[in-house]
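# Structural overview for review
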Amino acid sequence: MGILDELNLPVGVIYGDDVLKLFTYAREKKFAIPACNVTSSSTVVAALEAARDEKAPIILQTSQGGAAYFAGKGIKDSAERREASVAGSIAAAHYIRSIAPIYGVPVVLHTDHCAKKLLPWLDGMLDEDEKFFKANGVPLFSSHMIDLSEESVDENIETCVKYLKRAAPMKQWLEMEIGITGGEEDGVNNENVDNAALYTQPEDIWRIEQAFRPISPYFSIAAGFGNVHGVYAPGNVKLHPELLGKHQKYVSEQLGGKDPKPVFFVFHGGSGSSKEEYREAISNGVVKVNVDTDLQWAYLCGVRDYITTNIEYLKTQVGNPEGPNKPNKKKYDPRVWVRESEKTMKARVAEALRDFNASGSL
């Protein structure tokens with residue numbers, strides 16, 4: 001027995017109550033789902049293959065920059081309209097919706113880190129969500145993430161409430177961030193913030209719960225507990241996942257104490273963290289862990305190793321160590337070397353599924 005039988009979840013992209021059931025089950029069973037940033041059909045396939053082989057659900061997400069890349073670097077992406085980002089994320093969503101069912105796993109289709117300056121991107125996606133919902137009864141995306149952690153707590157909550165009210169009729173999930181994740185990712189740079197800003201206070205978590213719960217149950221919180229985007233030498237990042245347990249206790253007490261873990265937490269900036277840190281965070285209610293930097297490295301390793309191993313076959317179309325007239329097409333066909341990157345990324349996603357206790361959960 002597992003997710004598919006116990007929760008009666010469909011395979012392919014899931015929405016609304018199915019997302020809520022999945023995250024509730026993950027919190028109860030103490031596992032988290034990797035959220036893989038995807039920038040192409042190739043990275044989508046690598047993540048889906050890993051989930052299929054590990055018998056686990058998966059979260060596929062596009063950042064604003066990743067979505068623009070999906071559309072094509074030659075497409076304009078103005079600050080006012082974010083044309084490429086909107087078009088790319090919609091294209092990625094339709095591709096994932098089409099291909100995911102054949103892999104036989106539940107997929108949460110998400111968008112990542114929408115900062116204040118990127119809200120036109122979110123507005124464009126929500127326009128498409130509402131159009132798609134009217135025609136199909138579900139939004140195009142399972143969920144979206146708003147990152148206003150650089151703004152005041154009041155502005156952060158007020159803006160997220162506005163968007164949650166828009167998402168609620170579609171039963172669409174909303175992830176928000178409170179407390180800054182350090183480092184830099186996709187144009188959002190928090191490398192020089194005060195260290196104290198990396199740690200969210202329990203009172204702020206409770207304020208969010210108070211504001212969001214009357215509107216919708218479909219939300220999660222990316223709280224800061226020392227997280228930093230990017231990858232750093234061991235010891236340079238001071239994580240305190242035990243703080244999430246204290247946040248759960250505080251919110252539980254405010255709600256009457258019946259549910260010891262009432263909050264759905266998200267772990268950002270996890271690249272380079274230890275298994276122990278991941279698992280302590282998961283034991284305290286983390287149901288989603290963002291994985292981006294490590295996957296970028298893993299994807300590179302495949303093509304890098306292929307090229308260095310086969311370099312004498314990749315200098316000319318004809319002629320190699322086997323002879324001056326030997327063709328090299330089978331070596332330089334993109335389907336060969338791109339596939340090598342898919343294999344190494346797939347292996348890293350599979351490792352994350354095992355580390356987060358999600359492997360075998362189907």
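Just so you know, these numbers come straight off a predicted model, no measurement behind them. (Residues numbered from 1 in each chain as written. Predicted model: local features only at pLDDT ≥ 70, side-chain atom pairs only at ≥ 80, totals over all residues. Heavy atoms only, no water.)

## Observations regarding the overall build of the protein
For the record, the criterion: Numbering goes from the N terminus for both helices and strands, where a helix is a DSSP run of H or I of at least four residues and a strand is a run of E of at least two. Note on classification: 1.4 Å probe, protein chains only; a residue is buried when its accessible area is under 20% of the maximum for its type, exposed when over 50%, partly exposed between these limits. By the convention used here, residues are in contact when the closest approach between their heavy atoms is within 4.5 Å. All accessible-area figures derive from a Shrake-Rupley calculation using a 1.4 Å probe, and residue coverage is judged against the displayed protein chains alone.
Along the backbone of the protein there are 13 helices and 13 strands. With the C-alpha coordinates aligned to their principal axes, the bounding extent of the protein is approximately 80 × 50 × 45 Å. For the protein, buried positions account for 56% of its 362 residues. Counting contacts in the protein only where the partners sit at least 6 residues apart, residues at least 24 apart contribute 71% of the total. Of the accessible surface of the protein, which amounts to about 15600 Å², a share of 52% is contributed by carbon and sulfur atoms.

## Some details on helix 10 (residues 275–283)
What counts, and what does not: The arc in question is traced by the directions running from the helix axis to the C-beta atoms.
Among the residues making up helix 10, those that are buried are Tyr278, Ala281 and Ile282. Looking down the long axis of helix 10, one finds its buried residues gathered within 100° of arc, a one-sided arrangement. Residues of helix 10 that are buried in the fold lie against helix 9 (242–254), strand 10 (265–267) and strand 11 (286–291). Backbone geometry just downstream of helix 10 places glycine 285 in the positive-phi region, at approximately 105°.

## Focus: the pairing of strand 4 (residues 106–111)
For clarity, the cut-off: Each pair of strands is called paired provided DSSP finds at least two bridges between the two strands.
Among the six residues in strand 4, six count as buried, and that is most of the element. Covered by surrounding structure in strand 4 are Pro106, Val108 and His110 together with Val107, Leu109 and Thr111, the residues of both alternating faces. Sheet topology note: the strand 1 (residues 12–13)/strand 4 ladder contains two bridges and is parallel. The residue of strand 4 that forms the bridge with glycine 12 is proline 106. Note that strand 3 (residues 58–62) and strand 4 share five bridges and pair parallel. What sits directly across from isoleucine 58, in strand 4, is valine 107.

## Section: helix 13 (residues 334–355)
Given 3.6 residues per helical turn, the α-helix brings residues three or four places apart onto the same face. Spelled out, the test is: In this scheme, a helix's expected span is set at 1.5 Å multiplied by one less than its residue total.
Here helix 13 is 22 residues long and its end C-alpha atoms lie 32 Å apart, about the 32 Å a rise of 1.5 Å per residue gives. Positioned one or two residues after helix 13, asparagine 357 has a phi angle of 70°, which is positive.

## Comments concerning the side chain of glutamate 177
Relative to the assigned elements, glutamate 177 resides in strand 6 (residues 173–178). Filtering out sequence-adjacent residues up to four positions away, glutamate 177 remains in contact with His113, Met145, Ile146, Asp147, Ser149, Asn156, Ala222 and His268.

## Overview of unusual backbone geometry
A positive phi is found at lysine 30, a non-glycine position, where the angle reads about 60°. Residue position: lysine 30 is located in the loop between helix 2 (16–29) and strand 2 (33–37). A relative accessible area of 43% means that lysine 30 is categorised as partly exposed. For asparagine 357, which is not a glycine, the phi torsion comes out positive at approximately 70°. Looking at where asparagine 357 falls in the secondary structure, it is placed in the segment after helix 13.

## A word on the packing of helix 3 (residues 41–54) against helix 13
Put simply, the test is: For helices, the fitted axis covers only the stretch in contact; all axes are lines through C-alpha atoms, and the angles between them, taken along N-to-C directions, range from 0 to 180 degrees. Here the angle decides the label: under 35 degrees means roughly parallel, over 145 means roughly antiparallel, 65 to 115 means roughly perpendicular, and every other value means oblique. In a left-handed crossing the near helix is turned counterclockwise from the far helix by less than a right angle, and in a right-handed crossing that turn is clockwise.
The geometry of helix 3 relative to helix 13 is characterised by a closest axis approach of 8 Å and an angle of 45° between their N-to-C directions. It follows that helix 3 is oblique to helix 13 by the angle criterion. For helix 3 against helix 13, the interelement crossing comes out right-handed. Between helix 3 and helix 13, the contacting residues are Ser42, Thr43, Val45, Ala46, Ala47, Glu49, Ala50, Ala51, Arg52, Asp53 and Glu54 on the first element and Val338, Arg339, Glu342, Met345, Lys346, Val349, Ala350, Leu353 and Arg354 on the second.

## With respect to the confidence of the model for the protein
Caution applies to low-pLDDT regions: their predicted coordinates should not be interpreted in detail. Our working definition: Residue-level confidence of the predictor is summarised by pLDDT, bounded by 0 at the bottom and 100 at the top.
Model confidence for the protein is summarised by a mean pLDDT of 93, while 92% of its residues fall at 70 or above. Counting interchain partners and residues more than four positions distant, the pLDDT-below-50 stretch residues 187–194 has 16 contacts.

## What to know about the pattern of salt bridges
Test applied: Salt bridge, as applied in this entry: a Lys or Arg side-chain nitrogen positioned within 4 Å of an Asp or Glu carboxyl oxygen.
In this structure the tally under the stated criterion is 23 salt bridges. Each of the salt bridges in this network shares a partner with another, and the network as a whole consists of Glu49, Arg52, Asp53, Arg339, Glu342 and Lys346.

## Let's talk about the pairing of strand 3
Threshold: By convention, a crossover is right-handed whenever its connection, traced from the first strand over the helix to the second and viewed with the strands pointing away, goes clockwise.
Of all five residues making up strand 3, five are buried, and the element is well covered by its neighbours. Along strand 3, one buried face is formed by Ile58, Leu60 and Thr62 and the opposite face, lined by Ile59 and Gln61, is buried too. When strand 2 meets strand 3, the two strands line up parallel, connected through three bridges. Within strand 3, the position partnered with asparagine 37 by the bridge is glutamine 61. With helix 3 bridging strand 2 and the parallel strand 3, this β-α-β connection has right-handed handedness.

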